[in-house]
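This is what each chain is made of:
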Amino acid sequence: MKRFLLFLLILASSTSLKAQIQVGNDSLSIDYGNPQSYEIGGVVIVGTKFLDEAVLINISGLSVGDTIDVPGDKISKAIENLWKQGLFTDVKIIASRVFGKRIFFEIRLLERPRLSTFNFKGVSKSEADKIREKINLGDKVVTDNLLSTTKNTVRNFYVEKGYMNAEVTIVNVRDTLFVNREKLTIIVDKKSRVKVEKIEFSGNTFFSDNKLKRAMKDTKEKKWWKIFTSSKFLDEKYQEDKIKIVAAYADKGYRDAHIAFDSVYQSSPARVNIVVKVEEGHQYFFRNISWLGNTKHTSQELSTILGIKKGDIYDQSVLDQRLFMSQNGRDVSSLYMDDGYLFFSVTPVEVNVENDSIDFEMRIYEGKQARINKVTVTGNVKTNDRVIMREIRTLPGQLFSRADIIRTQRELAQLGYFDQEKLGVNPIPNPANGTVDIEYTVEEKPSDQLELSGGYGANQLVGTLGLSFNNFSAGNIFKKGAWRPLPSGGGQKLSLRAQTNGKYYQSYSASFTEPWLGGKKPNSFSVSIFHSIQTSGSSSSESSQQQIKISGISVGLGKRLKKPDDYFSIFHEVSYQYYTLQNYGGTFLFSNGVSNNLSFQESISRNSIDAPIYPRTGSQLSLTLQLTPPYSLFNNVNYSTASDAVKYKFIEYHKWKFSSSWFTKLAGNLVLNTKIQYGFLGLYNRSLGASPFERFYLGGDGLSGFSLDGREIIALRGYENNSVTPQNSSGSQIGGTIFDKYTLELRYPVSLNPSATIYFLCFAEAGNSWLKFKEFNPFSSKRSIGSGIRIFLPVFGILGLDYGYGFDPILNYSDANKGHFHFSIGQQF
């Protein structure tokens, strides 16, 4: 059969490469003046390796069964559609055969090369790692768009870091190891970081230049004394700072203020100058405010909540805050939403602007009260639903309350099982039936902790290993598959701790806490046991061996109170310690014998802080009374002639402690912590004197050494450990019976990530301890200042390092004050 070949050359609009249609069949005659119609009998793709053939046929627009004119525009359009994808270096459409009025096509394509590898030049390894995440180059086709996008992304990465003049070049070469593959080399010339040399303002009369510069939080002039302030120029931050300038004017009533003109120009390759022209306009004031649509509350009540009076400077941010989003919950929306009015809305409308005064009409839509329908929790994997649900204050059937939602989020954060920054709530209103579903979202974080620390005390190095399982589940102990590595999710706490320095000292303790005894009410139950032994290091068979053994147990019950408010709780505890002394002198008032310490403790506390790791608001208050029976009133012992072993066989005392810690948000996440602590150890019988046990030892990091006699070791940074403590005539520390401590601490976070919460602090502290109450003088304190850092790691708890400088000398301790570094683990000062 005689065949002929007809080539139709079509040039794509964006390239000089050839594209052909090839038609062959001796029964096909082409008359360009009289096109013939054919039915497409089939379309196949030839030459592709990575692309989906069905998608390419669809892009071409040639579909089986369609009617096509030969010659005609559909072939040209098909080639154009394929060229537009930018994936090919050659496109041909061939009419492979014709049977009667049916025509069959082959689309022959030559793919662009794909990326095999890429590398960087002129960048550090850490920068390269970050850029890789942004450009996301994988097994992709090397197109002009890919190269352009990659180049812009890399350049923007450096522009965002202040390198405005950064240049990026991409070199692509064929990879000879693979067929149709290319390698890319991304070459970066960062040049110098561009900084702000000068900022000039004009048109400003109300604000000085310096105040406007302070309003610009991220765009700062380069000055030699600004060692902690970055002066790099970032266009994105500069645009945000221009908005902050306008906002600063709006806060003072200049609502028409705007930036009429600004310019950024380079004064040198590494410096820019900024010129900003401001048009301030007039200052405005609030005048008359009326209410419309309110039936639940009177206009006077709403005006009191709003707190804006006639003649106050007009401030849109204050108006919005008082209407919608006051941090203390005293705003008009909260007033309604805390009473179930979920569908409430208020719209402030300017009804009259006269000279410098504005009249407002507050148009209210109260709607109906909404009741809670369903409450769900999502995101918890390990923690049981019941552990979360028992802390939730929004219950089905109750009226909707925004305050209850906020309180619920606070209670969930206090559990310590979830990332406090990612706690979320999603109210789903159902206006048709007046109900709302509430979904709480949580993200679990590691909550178990490992304590691994060392301390130096009594001329000995002491090591500590402790494990705290803060989301333990005793109910799953016998459940198969629950040991991963321990049963968890029940909200209970199990702690194990061991401390030793070898043969001289060993201590073991264990405790268990159930925060919801019985599972229905927030009544806590706790039990703990411990045993410790300290010796002189000699064999127990030697008569000269010095030894003290202490064993103890305590049982406690706690209850969350509803009055004065439900931030209060009360705790009752009974504890017993048994002391056995053998040739043990120096620390106690007797060397041989036994001593019993049976005590009862009552503690009332209030905790309203918003988060356990980095609190921003709220307070912690605690008042504790611990007392023993007054044995000396009924044991008929003559203490004037009795030996020390007889005197202290049964320890008696009453011990009072008070602490107060307040957190105040100053600006953003900058927080001031103000703390006060007092302690007093009282006696029942003057002839017996104060108890040698349970005394206060003040000074240092609060960790070093070990407790043998119930002593409380209290930190006071800037001084040696336990140095701010009363001494006897030989210079040995014997503990105080009364102490005070005052702390001011300014905190600012570097990271609030739950895997590593980090914040810096600076502090001022003062405190002292005394042997007798009559010596107590709250104005005679040992003072110090310093700074430090805290790092919270879920496994270890809070790690701290502080440097404190003590101003006041200590008797018999020439170096007790001055400068000291302090390390802490698992505690806050």
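Figured I'd write up the structure that's included with this text. Along each chain, residues carry numbers from 1 onward, in the same order as the chain's sequence is written. Given that the model is predicted, a residue must reach a pLDDT of at least 70 before its local features are reported, and side-chain atom pairs must reach 80 or more before they are shown or counted; all residues, however, enter totals for whole chains, interfaces and linings. Values shown for side chains rest on all heavy atoms present in the structure; no hydrogens or waters enter the calculation.

**A closer look at the overall build of the protein**
Consideration 1: By definition, any uninterrupted DSSP run of H or I lasting at least four residues is a helix, any uninterrupted run of E lasting at least two residues is a strand, and each is numbered from the N terminus. Along its length, the protein carries twelve helices and 36 strands.
Consideration 2: It is over C-alpha atoms that the radius of gyration is taken, and the globule rule equals 2.2 Å times the number of residues to the power 0.38. Whereas a compact globule of 829 residues would reach a radius of gyration of roughly 28 Å, the protein reaches 39 Å, over 25% beyond that.
Consideration 3: Per-residue accessibility, obtained with a 1.4 Å probe over protein chains only, is compared with the maximum for each type, and a residue is labelled buried under 20%, exposed over 50%, and partly exposed between these values. Burial analysis of the protein (829 residues in total) assigns 42% to the buried set.
Consideration 4: Whether two residues touch is decided by their heavy atoms; if any such pair falls within 4.5 Å, the residues are in contact. Pairs at least 24 apart in sequence give 60% of the contacts found in the protein among residues at least 6 apart.
Consideration 5: Areas reported as accessible are Shrake-Rupley estimates using a 1.4 Å probe. Residue values count occlusion only from the protein chains shown. Of the roughly 42400 Å² that the protein leaves accessible, carbon and sulfur atoms contribute 54%.

**Some points on the pattern of salt bridges**
Two side chains of opposite charge can pair, provided their charged atoms sit close to one another.
Consideration 1: Should a side-chain nitrogen of Lys or Arg be within 4 Å of a carboxyl oxygen of Asp or Glu, the pair is scored as a salt bridge. If you walk through the whole model with that rule in mind, you get 36 salt bridges.
Consideration 2: In this structure, Glu 411 and Arg 393 form a salt bridge, with 3.8 Å as the shortest nitrogen-oxygen distance. With a gap of 18 residues between them, Glu 411 in helix H11 (residues 402–415) and Arg 393 in the loop between helix H10 (385–389) and H11 connect regions that are remote in the sequence.
Consideration 3: Residue class for Glu 411 comes out buried when judged on its relative accessible area of 6%.
Consideration 4: One salt bridge in this structure joins Glu 443 and Lys 422, with 3.4 Å as the shortest N-O distance. Taken together, the residues span a long stretch of sequence, with Glu 443 in the loop between strand E18 (435–441) and strand E19 (449–457) and Lys 422 in the loop between H11 and strand E17 (424–430) at a distance of 21 residues.

**Section: a nonpolar patch on the surface**
Consideration 1: Only residues whose relative accessible area exceeds 30% and that form no salt bridge enter a patch; like-charged residues are grouped when within 9 Å of one another, and nonpolar side chains (Val, Leu, Ile, Met, Phe, Trp, Tyr) when within 5 Å. Among the surface-exposed residues, Ile 785, Leu 801, Tyr 803, Tyr 805, Phe 807, Phe 821 and Phe 823 lie close enough to one another that they form a single nonpolar patch of about 700 Å² accessible area.
Consideration 2: At the level of elements, strand E35 (797–806) and strand E36 (818–825) are the ones that each hand at least two residues to the nonpolar patch.
Consideration 3: Among the elements that make up the nonpolar patch, the one with the highest residue count is E35 (three residues).
Consideration 4: Checked against the element boundaries, Phe 823 lands in strand E36.

**A look at the packing of helix H3 (residues 125–135) against helix H4 (residues 144–159)**
Consideration 1: Axis separation between H3 and H4 bottoms out at 10 Å; the angle between their running directions is 135 degrees. Classified by the angle their axes make, H3 and H4 are oblique. The crossing of H3 and H4 is right-handed. The segment H3 lies against H4, with Glu 127, Lys 130, Ile 131, Lys 134 and Ile 135 engaging Thr 150, Thr 153, Val 154, Phe 157 and Tyr 158.
Consideration 2: Three classes are used, and their members are as follows: Ala, Val, Leu, Ile, Met, Phe, Trp, Tyr, Cys and Pro are nonpolar, Asp, Glu, Lys and Arg are charged, and the others, Gly among them, are polar. Residues that form the contact of H3 with H4 fall into these classes: five nonpolar, two polar and three charged. Note on geometry: axes are C-alpha line fits, over the in-contact stretch for helices, and angles between N-to-C directions span 0 to 180 degrees. When describing relative orientation, an angle under 35 degrees is termed roughly parallel and one over 145 degrees roughly antiparallel, while 65 to 115 degrees is termed roughly perpendicular and anything else oblique. For a crossing to be left-handed, the near helix must be turned anticlockwise from the far one by less than a right angle; the clockwise case is right-handed.

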